[in-house]
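Inside the fold
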Amino acid sequence: MFLFYFDYFTDGIIRNIKPHNDTKNTAYHQLLSAMVERLTDWAELLEHEKPNQKNTQLENTHASHQNGNIPKSALICLVSVVQKIAVSSKLNDKFKNEMFQYTFHLYFMLNHFNADYAKTLAVLLKEGGTYLNSQIAQLYYEELHIALQEIDSIVYGFDKVKEFKRLVT
């Protein structure tokens, strides 16, 4: 699926970006941010799905591919991109947190109109995507836990945030 080119592009962007010296974002940061935003947009289209729309029927909430399911593919790719951002030593902590927060916001949006997809996103975040290299797993989970502390419980609700944190940790 063409969405997975974003995963490939992320590898190239991170490989080419210069290590951060400060919190100033570059054109590469803007590209990464735009890709994360577009992937969340694809998943948000679920809000407008037609009943029994074939390419949105979720077979399961596991961290596994489902060919032909655009929203699930977008979620898988989103978590893969965010995972690569999170473990990169070239990107600053503020930027990493922003990318996680986009993803967390998507979870809460999905939870309003499609709880199964929200659960799928939580599972993907917990597992670090469909493939998490053991060499980077610890770093990914450290960055995930840091970002989880930054969720605004007032905006999303204390109980909902507590449940989300339980699901992804």
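We now turn to the structure provided with this report. For clarity, every value in this text was computed on a predicted model and none was experimentally measured.

What counts and what doesn't
Residues numbered from 1 in each chain as written. Predicted model: local features only at pLDDT ≥ 70, side-chain atom pairs only at ≥ 80, totals over all residues. Heavy atoms only, no water. Helix = DSSP H or I, 4+ residues; strand = E, 2+ residues; numbered from the N terminus. Expected span 1.5 Å × (residues − 1). Buried < 20%, exposed > 50% of the residue type's maximum accessible area, 1.4 Å probe, protein only. Polar contact = N/O pair within 3.5 Å; in protein donor to acceptor, adjacent residues only side chain to side chain. Contact = heavy atoms within 4.5 Å. Salt bridge = Lys/Arg side-chain N within 4 Å of Asp/Glu carboxyl O. Patch = residues over 30% accessible without salt bridge, like charges linked within 9 Å, V, L, I, M, F, W, Y side chains within 5 Å. Areas by Shrake-Rupley, 256 points an atom, 1.4 Å probe, with all protein chains shown as cover. Axes fitted to C-alpha atoms, helices over the stretch in contact; angles between N-to-C directions. Parallel < 35°, antiparallel > 145°, perpendicular 65-115°, else oblique. Left-handed = near helix turned anticlockwise from the far one by under 90°. Nonpolar A, V, L, I, M, F, W, Y, C, P; charged D, E, K, R; others polar.

1. Overview of helix α3 (residues 70-87)
Between its first and last C-alpha, α3 extends 26 Å over 18 residues, near the 26 Å set by a 1.5 Å rise per residue. Counting buried positions over the 18 residues of α3 gives 17, a clear majority of the element. Of the residues flanking the start of α3, the one acting as N-cap is asparagine 69, its side-chain oxygen 2.9 Å from the backbone nitrogen of lysine 72.

2. Examining the environment of isoleucine 151
Along the chain, the position of isoleucine 151 falls in the loop between α6 (134-148) and α7 (153-156). Linking isoleucine 151 and valine 161, residues 10 residues apart in sequence, is a C-alpha distance of 7.5 Å. Contacts of isoleucine 151, omitting those with residues within four sequence positions, involve Gln101, Phe104, Phe108, Tyr156, Val161 and Phe164.

3. Quick notes on the pattern of salt bridges
Tallying each qualifying case throughout the model produces 6 salt bridges. One salt bridge connects lysine 84 with aspartate 11, and the closest N-O pair in it is separated by 2.8 Å. Taken as a pair, lysine 84 in helix α3 and aspartate 11 in helix α1 (residues 5-16) lie far apart in primary sequence, 73 residues in all. Here aspartate 11 falls in the partly exposed class, since its relative accessible area comes to 33%. Here glutamate 143 ties to lysine 96 by a salt bridge, and the two come within 3.9 Å at their closest N and O atoms. Residue glutamate 143 is found in helix α6, and its partner lysine 96 is found in helix α4 (residues 93-113); the two are separated by 47 residues along the sequence. Each member of the pair glutamate 143 and lysine 96 is classed as buried. Look at the salt bridges and you will find they share partners, linking Asp7, Asp11 and Lys84 into a network.

4. A short note on a nonpolar patch on the surface
Together, Phe2, Tyr5, Tyr8 and Phe9 give the surface a local cluster of nonpolar side chains, amounting to about 500 Å² of exposed area. Relative to the helices and strands, tyrosine 8 resides in helix α1.

5. A word on the packing of α4 against helix α5 (residues 115-127)
Relative orientation of the contacting elements α4 and α5 amounts to 150°, with a least axis distance of 6 Å. When the interaxial angle is binned, α4 and α5 end up roughly antiparallel. You can see that α4 and α5 cross each other, and the crossing is left-handed. For the pair α4 and α5, the contacting residues are Phe100, Thr103, Phe104, Leu106, Tyr107, Leu110, Asn111 and Phe113 in the first and Ala115, Tyr117, Ala118, Lys119, Leu121, Ala122 and Leu125 in the second. For the contact of α4 with α5, the per-class residue count stands at 12 nonpolar, 2 polar and 1 charged.

From the geometry alone we can't say anything about function, so treat these as descriptive.
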